[in-house]
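# Working through the structure, step by step
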Amino acid sequence: MDPAPATAELLARLDRVLGEDIRPLEADLLQRGPETVDASLMQLRREHRARGLWNFQLPQHLDGVGLSLSEFAHVSERLGQSPLAHAAFNCQAPDAGNMEILERQAAPAQKERFLLPLARGEIRSCFAMTEPEHAGSNPVWMSTSASRQGSGWLLNGHKWFVTGAHGADFALVMAITDPDAPRHDRASQFLVPMDTPGVDHVRRIRIMGEEGSGWFSHSELRFRDVELPADALLGSRGAGFRVAQERLGPGRIHHCMRWLGICRRALDMMAAHGASREVAPGRTLGTRQSFQHALAELEATVAGARLLVLDTARQIERQGHAELRSRISMIKFHTAGVLQNVVDAAIQAMGAAGVSDDHVLSWWYRHERCARIYDGTDEVHKTVVARDLLARHGLQVGF
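Quick look at the structure, then. Every chain is numbered independently, its residues counted from 1 as its sequence is written. Totals for whole chains, interfaces and linings use every residue, but because this is a predicted model, local features are given only for residues with pLDDT of at least 70 and side-chain atom pairs only at 80 or more, for both listing and counting. No hydrogens and no water enter the side-chain calculation; it runs on all heavy atoms of the structure.

### A look at the side chain of S76
Here is the rule we go by: The helix count covers DSSP runs of H or I at least four residues long, the strand count covers runs of E at least two residues long, and both are numbered beginning at the N terminus. Here's how the labels work: a residue is buried when its accessible area is under 20% of the maximum for its type, exposed when over 50%, partly exposed in between, all with a 1.4 Å probe on protein chains only. What makes two residues a contact is simply this: any of their non-hydrogen atoms within 4.5 Å.
Mapped onto the secondary structure, S76 falls in helix α4 (residues 69-79). The buried category is assigned to S76, whose relative accessible area is 1%. For S76, the residues in contact, after removing those within four places along its chain, are H86, H254, M257 and R258.

This is how it looks when you write it as structure tokens:
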């Protein structure tokens, strides 16, 4: 499943930018923290926007390139090879998914206020759905509520693991508006400026010893009697769950291809280390059969996962994400597992150097362990796939 010639040309341009401008910033990211690369990253963002390397996933009228889902899948794979690359082109989560949803769901005035500056890279956003009091793998079970107050809304609730909330200008917040409705019609989504009275950024949650900042952080938020106008509602009342699924379906393609980009670089690092690391006079690690077999098996596994994800992207383009729920669940848990195995194997092959912050592997080991948890745990997605398979043979199984 090779990309079209135009996409291949774009990927070649991205390879040059990655090698010349982005990877050199990684040493500061790893050794000194995200804040130390902010100025350089912002300069790259300005340059990339001026050169048309910007918003690959958005249409041209939103300052984007207008790539299809499958075309952007190839781009996301390439950008995944550096922790900084998606942000350098305004394709970072959660902003990329938020922009896609705003384009489809927002009213004209909402687009003017939130989408256009987000697409220009002038502001950042976040997506608040998961709550500490409830299982994050069940997105229809939450306590955050928005009740009618006059012509507007009164928002109260508690969210956490809100990626990118630190420094964000607004949040998309999922809240229960119709508690007595069927479970998939109970919630709505709201556009909430972060400087609204009652919005409390409690903390950046420390993840394996790191607090992070900006794009590289996850926050806890509280909403205490937050007064919202009527036009804060995104989409229709009671459609919050459907809007979230519309965001998460294609978003899992983005995630999976980014993970496969990580796998590609990790395997290349592992192979390069095997070719050069002497384990005995005149003998490198790569001459060991156990190393060769491990490398070959990982390469085959990554290749298989890649074909599965790209095929799913093409099917989504033809059928829509709603018809491919089981396949989307399959690529999510499978690719997340491949990612973890590849990064772990690369660290093992590189020995002590692999766990040091001299290399990007340690960053991915810490930051990407959540791949098997966020956007639905492995166990939930496996249940979806198994349930659908069993239903074909007459056994109906609920969660």
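### Section: the state of the cysteines
What counts here: Only a pair of cysteine sulfur atoms within 2.5 Å qualifies as a disulfide here.
Using the criterion set out here, one finds 0 disulfides in the structure. The closest cysteine sulfur to the non-disulfide-bonded C126 is located on C370, 17 Å from its own sulfur. Left without a disulfide partner, C263 is nearest to the cysteine sulfur of C256, which lies 10 Å away.

### Structural notes on the packing of aromatic side chains
Filter applied, for reference: The rule is short: rings of Phe, Tyr and Trp, with Trp giving its six-membered ring, pair when the centres are within 6.5 Å, and they are stacked under 30 degrees, edge-to-face over 60, tilted in between. Two limits define a charge over a ring: the Lys NZ or Arg CZ must be within 6 Å of the ring centre, and within 35 degrees of the ring normal.
Using the criterion set out here, one finds 6 aromatic pairs in the structure. Between W259 and Y374, the ring centres sit 6.2 Å apart and the planes meet at 40°, which makes this aromatic pair tilted. Here W259, found in helix α8 (residues 240-276), pairs with Y374, found in the loop between α12 (361-367) and α13 (378-391); they are 115 residues apart in sequence, far enough to count as distant. Assessed through its relative accessible area of 24%, Y374 is described here as partly exposed. Sitting above the plane of the W215 ring, R124 keeps its charged end 5.4 Å from the centroid.

### Focus on the side chain of Q92
Operational definition: Polar contact criterion, stated in full: a pair of N or O atoms within 3.5 Å, where within protein one must be able to donate a hydrogen and the other to accept it, and residues adjacent in sequence count only if both atoms are side-chain atoms.
Looking at where Q92 falls in the secondary structure, it is placed in the loop between α5 (85-88) and α6 (95-105). According to the relative accessible area criterion, Q92 is buried, its value standing at 4%. Polar side-chain contacts of Q92 include one of 3.5 Å to the side chain of N90. Excluding anything up to four places from it in sequence, Q92 contacts R45, H86, A87 and W215.

### Section: unusual backbone geometry
The omega torsion of the bond from A93 to P94 falls at 0°, within 30 degrees of zero and hence cis. One can find P94 in the loop between α5 and α6. Positioned with a positive phi, F161 is a non-glycine residue whose angle comes to about 50°. Secondary-structure assignment places F161 in strand β3 (residues 152-163). On the basis of relative accessibility, which here comes to 32%, the residue F161 falls in the partly exposed class.

### A short note on α6
Of all 11 residues that make up α6, 8 are buried, and the element is covered over most of its length. Within α6, burial applies to D95, A96, G97, N98, M99, E100, I101 and L102. Against the buried residues of α6 lie α7 (108-119), β1 (125-128), β4 (170-176), β5 (187-193), β8 (233-234) and α8.

### Considering the environment of S143
Relative to the elements of secondary structure, S143 occurs in the loop between β1 and β2 (145-149). In this structure S143 touches E131, H134 and N156, once residues within four positions along its chain are discounted.

### Considering the pattern of salt bridges
Rules: The salt bridge criterion pairs a side-chain nitrogen of Lys or Arg with a carboxyl oxygen of Asp or Glu, the two atoms within 4 Å.
Per the stated rule, a full pass over the model turns up 20 salt bridges. Close ionic contact of R224 with D200 constitutes a salt bridge, the shortest N to O distance being 3.1 Å. One end of the pair, R224, is in strand β7 (residues 218-228); the other, D200, is in strand β6 (residues 199-204), and 24 residues separate them in sequence. With a relative accessible area of 47%, R224 lands in the partly exposed category. Looking at D200, the relative accessible area reads 29%, which means it is partly exposed. When the shortest N-O distance is used, the salt bridge between D388 and R387 registers 3.9 Å. Here D388 falls in the partly exposed class, since its relative accessible area comes to 26%. A relative accessible area of 19% places R387 in the buried class.

The values reported here are purely geometric and, on their own, carry no functional implication.
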